[in-house]
Amino acid sequence: MLNSSLSGDLVVVGAGIVGASVAYHAARSGATVTLVDAGRPGAGVTADSFAWVGASGVLSGPAAGLRATATAEYRRLGAELPGLPVTWSGSLSWNRQQSAPDAGPGQTIVDAATAATLEPALRRPPEWAVWVPDDGAVDAVGVAGRLAEGARVHGARVRPDTRVTEVHRDAAGRIAGVGTTAGPVSGTTVVLAAGVATAALGASLGVRVPVEPSPCPLFRLRAPAGLVRTVVNTEDFDLRQVAPDRLIAAADSPERTLAAVRSTFHGAGSVELLGTRIGVRPMPADGEPIVGPVAEVPGLYLAVMHSAVTLAPAVGRLIARELVDGTVEPALSGCRPDRFGALGQPDR
């Protein structure tokens, strides 16, 4: 069984895609939930995600099993929340290596003719590419909003535009809720799912959360309709179509990205840059999710990770099981905060 202190009223701090998923799954399981965010659901770093959902080719690491379930978890979530904004386009990846890699789980190595069928606008189809038909992409803000609304339908209190200023502890050192710009919110369990802000909130309790901000540039482009059909991944960019005349690209430089898109696709000469967003991803010290209770602060639970959009449905469901049912989920075993050693001071 999980620590018995993780029970009672649940406060989720952060209505990005992870926090919204935790709130939805916990409320759906019958918990008393309050979801609090400084802005609107999904308006933080979730809005700056390229939002590629892929389950294939991940063979190692503590979160490999979670990633392998990503597409199945999104399909499950789509059945629970009809109309969830997910596009199952598949993904096509290649690089400049002369020889093709071995196919991983869910992957197929395709030749130039097949690549040209999948992406007809390619000027020079690669000699080989990795095709993953089960991959997709999501409107991450839309998914976070649907999760928050789903949580509300199941009885959660959703409090947007309410910044959390501190986490409260009682005289025994146990979690007692949070302070916000709109007043206190009581709760015997607090889940910190606030992205890079998780570190500061943890520090206010004497808890070290080993997460650093990592910039993530995202470029919006105007492009001809249908220029890109799949999620395209190359050494120059990650690229996908998000509207009939809009692309988004994750890359390092807007100028190099524009040049690469124009040289990669027929009919791309008119592609233009519409805007740039520099998001700040929460990057754990070892790159792997930090999910679980903090032993030094009874009632405190961390949920912070890179690849949050990919992992959110699975992680939200598993966290809810731990918090509501008191089970210990083996799939989260490699993601526990205590892998970094003691994070905080003993209870005061």
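Above this text you will find the structure in question.
Residues numbered from 1 in each chain as written. Predicted model: local features only at pLDDT ≥ 70, side-chain atom pairs only at ≥ 80, totals over all residues. Heavy atoms only, no water.

Participant: Outline the packing of aromatic side chains, listing residues and values.
Facilitator: All told, the structure shown has zero aromatic pairs when counted by the stated rule. A cation over an aromatic ring shows up here: arginine 75 above the ring of tryptophan 88, its NZ or CZ 4.0 Å from the ring centre. Its end group placed over the ring of phenylalanine 50, arginine 240 keeps NZ or CZ at 5.5 Å from the ring centre. (Phe/Tyr/Trp six-rings, centres within 6.5 Å; stacked < 30°, edge-to-face > 60°. Lys NZ or Arg CZ within 6 Å of the ring centre and 35° of its normal.)

Participant: A description of the sheet that holds strand 3 (residues 52–53) should follow, citing residues and the corresponding values.
Facilitator: Taking strand neighbours across the sheet as the criterion, the three strands line up as 3-8-4 in an open arrangement whose pairing is antiparallel. On the outer flanks of this sheet lie strand 3 and strand 4 (86–87), each paired with one strand and no other. Bridge count for strand 3 against strand 8 (residues 136–138) is two bridges, and the pairing is antiparallel. From the neighbouring strand, tryptophan 52 faces strand 8, where its bridge partner is alanine 137. (Pairing = 2+ DSSP bridges. Helix = DSSP H or I, 4+ residues; strand = E, 2+ residues; numbered from the N terminus.)

Participant: Which residues make up the sheet that holds strand 15 (residues 231–233), and what values go with them?
Facilitator: Read across the sheet, eight strands follow the order 6-7-5-15-16-17-14-18 without closing on themselves; strand pairing throughout is mixed. The outermost strands of the open sheet, each flanked by one partner alone, are strand 6 (108–111) and strand 18 (272–284). Strand-to-strand twist of the sheet, defined as the mean angle between neighbouring strand axes without regard to direction, takes the value 25°. In the sheet, strand 6 pairs with strand 7 (residues 128–132) via four bridges, with the strands oriented antiparallel. (Axes fitted to C-alpha atoms, helices over the stretch in contact; angles between N-to-C directions.)

Participant: Before we move on, can you summarise the nonpolar core with the specific residues and values?
Facilitator: With 50 residues, the main nonpolar core has Ile17, Val33, Leu66, Tyr74, Val138 and Ile319 as its most contacted residues. Per-element accounting of this core gives the leading share, nine residues, to helix 8 (residues 308–325). Among all residues touching tyrosine 74, those that are not within four sequence positions of it are Ile17, Val53, Leu84, Val86, Trp88, Val138, Val143, Val309, Thr310 and Pro313. In terms of nonpolar packing, the next biggest core, distinct from the first, is built from 29 residues, Ala115, Ala121, Val232 and Leu247 among them. (Core = buried A, V, L, I, M, F, W, Y, C linked by side-chain atoms within 4.5 Å. Buried < 20%, exposed > 50% of the residue type's maximum accessible area, 1.4 Å probe, protein only. Contact = heavy atoms within 4.5 Å.)

Participant: Help me get a handle on the environment of valine 132, residues and values and all.
Facilitator: The topology assignment puts valine 132 in strand 7. Sequence separation between valine 132 and alanine 27 is 105 residues; the distance between their C-alpha atoms is 34 Å. With sequence-adjacent residues up to four places away left out, valine 132 is seen in contact with Ser56, Gly90, Ser91, Gly106 and Gln107.

Participant: Describe unusual backbone geometry, listing the residues and the values that go with them.
Facilitator: Backbone geometry places alanine 51, a non-glycine residue, at a positive phi of 65°. Considering the arrangement of structural elements, one finds alanine 51 in the loop between strand 2 (33–36) and strand 3. By relative accessible area, which is 4% here, alanine 51 ends up buried. One non-glycine residue, aspartate 161, lies in the positive phi region at around 55°. Mapped onto the elements of the fold, aspartate 161 is located in the loop between strand 9 (157–159) and strand 10 (164–169). Judged by relative accessible area, aspartate 161 falls into the partly exposed class, the value being 47%.

Everything listed is a geometric property; what it means functionally is a separate question.
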